[in-house]
Amino acid sequence: CPSKAPNKRANPRALMRRRYGGKPCYAHVPNALTVSRIVLAFFFFWCLTLYHYPATNTWLLPVAFVIGTVACITDVVDGRIARAWGCESKVGRVLDPVADKVLVLGAFIFLASEKFTNASGESASGVSPFMVVLVLLRELLITTLRSELEKTGVKFGATVWGKAKTALQNTVAGVVLLFVWCDPLTATNRVLLLPMRDSNSLLR
């Protein structure tokens, strides 16, 4: 009688590799964190879109600060995970700086906009449009250089100094948000408007 074929059990790791495009599932965690930073950046911008100095939706400033802080944490974690797990990829090298630029440039553009100016046109954030132009010019130059080097096969990933620069810019943006939120005029309006809202709700 014919012999029975050996019962070969499928290797779960092999199945997982086939399921996730030839890579183990954990290899996609760093890129997922990078994409989540872009998503968080848009929630961050939404908060700043609804805010206007000094008294319109001031509660959104600490919310934006928390969202920005979480986004910055993902910036630190995704690279560490990619290096520790040995799952660095070209997609990650491209997405990571894009996510950083979206968050940093968007934050400074909002801080230099009319959202953070008083009735006389003075900036409450201290960030001028000229500063945003300088930051944008620097990022465009680095992006162009990275693109040209990647075409030649040279890896142009994030360096320690680049990450330190991004961390410094994010820290400055966060400090400015807290500074504006703690501004005496903002704080006064925040305290005075709360009972006004309560009284208006009672009158209704």
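Residues numbered from 1 in each chain as written. Predicted model: local features only at pLDDT ≥ 70, side-chain atom pairs only at ≥ 80, totals over all residues. Heavy atoms only, no water.

Now for the packing of aromatic side chains. Evaluation of the coordinates by the stated rule reveals four aromatic pairs. Aromatic side chains Tyr51 and Phe116 sit 5.2 Å apart centroid to centroid with 45 degrees between the ring planes, which places their arrangement in the tilted category. Taken together, the residues Tyr51 in the loop between α2 (29-50) and α3 (60-85) and Phe116 in the loop between α4 (90-111) and α5 (129-151) connect sequence positions 65 residues apart. Side by side, Tyr51 and Phe116 carry an identical accessibility label, which is buried. Grouping aromatic residues by their ring pairs yields a cluster made of Phe42, Phe44, Phe45 and Phe110. (Phe/Tyr/Trp six-rings, centres within 6.5 Å; stacked < 30°, edge-to-face > 60°. Helix = DSSP H or I, 4+ residues; strand = E, 2+ residues; numbered from the N terminus. Buried < 20%, exposed > 50% of the residue type's maximum accessible area, 1.4 Å probe, protein only.)

Considering the arrangement of structural elements, one finds Thr117 in the loop between α4 and α5. Leaving out residues up to four positions away in the same chain, Thr117 has contacts with His52, Tyr53, Glu122, Ser123 and Ala124. (Contact = heavy atoms within 4.5 Å.)

For the bond from Tyr53 to Pro54, the omega torsion is 5 degrees, close enough to zero to count as cis. Within the secondary structure layout, Pro54 lies in the loop between α2 and α3. Look at Asn57: it is not a glycine, yet its phi comes out positive at around 55 degrees. Judged by its relative accessible area of 24%, Asn57 is partly exposed.

Turning our eyes to something else, we now look at the side chain of Asp100. Along the chain, Asp100 falls in helix α4. With a relative accessible area of 10%, Asp100 lands in the buried category. Filtering out sequence-adjacent residues up to four positions away, Asp100 remains in contact with Arg37, Asp75, Lys163 and Thr166.

With the rule as written, the count across this model stands at ten salt bridges. The shortest N-O distance in the salt bridge between Arg37 and Asp100 comes to 3.3 Å. Taken together, the residues span a long stretch of sequence, with Arg37 in helix α2 and Asp100 in helix α4 at a distance of 63 residues. We note a salt bridge from Lys163 to Asp100, for which the minimum N-O separation is 3.5 Å. Within this pair, whereas Lys163 is found in helix α6 (residues 160-181), its partner Asp100 is found in helix α4, the two being separated by 63 residues in sequence. Taken together, the shared-partner salt bridges in this structure form one network comprising Arg37, Asp75, Asp78, Asp96, Asp100 and Lys163. (Salt bridge = Lys/Arg side-chain N within 4 Å of Asp/Glu carboxyl O.)

In this structure, Phe44, Leu48, Leu61, Leu111, Phe116, Leu177 and Val180 are the most contacted members of the largest nonpolar core, which totals 27 residues. Those elements that provide at least two residues to this core are α2, α3, α4 and α6. Here the element with the most residues in this core is α4; it accounts for six residues. The contact partners of Leu111, leaving out residues within four places of it in the chain, are Phe116, Ser123, Ser125, Val127, Ala173, Val176 and Leu177. (Core = buried A, V, L, I, M, F, W, Y, C linked by side-chain atoms within 4.5 Å.)

Keep in mind that these numbers describe shape and distance, not what the molecule does.
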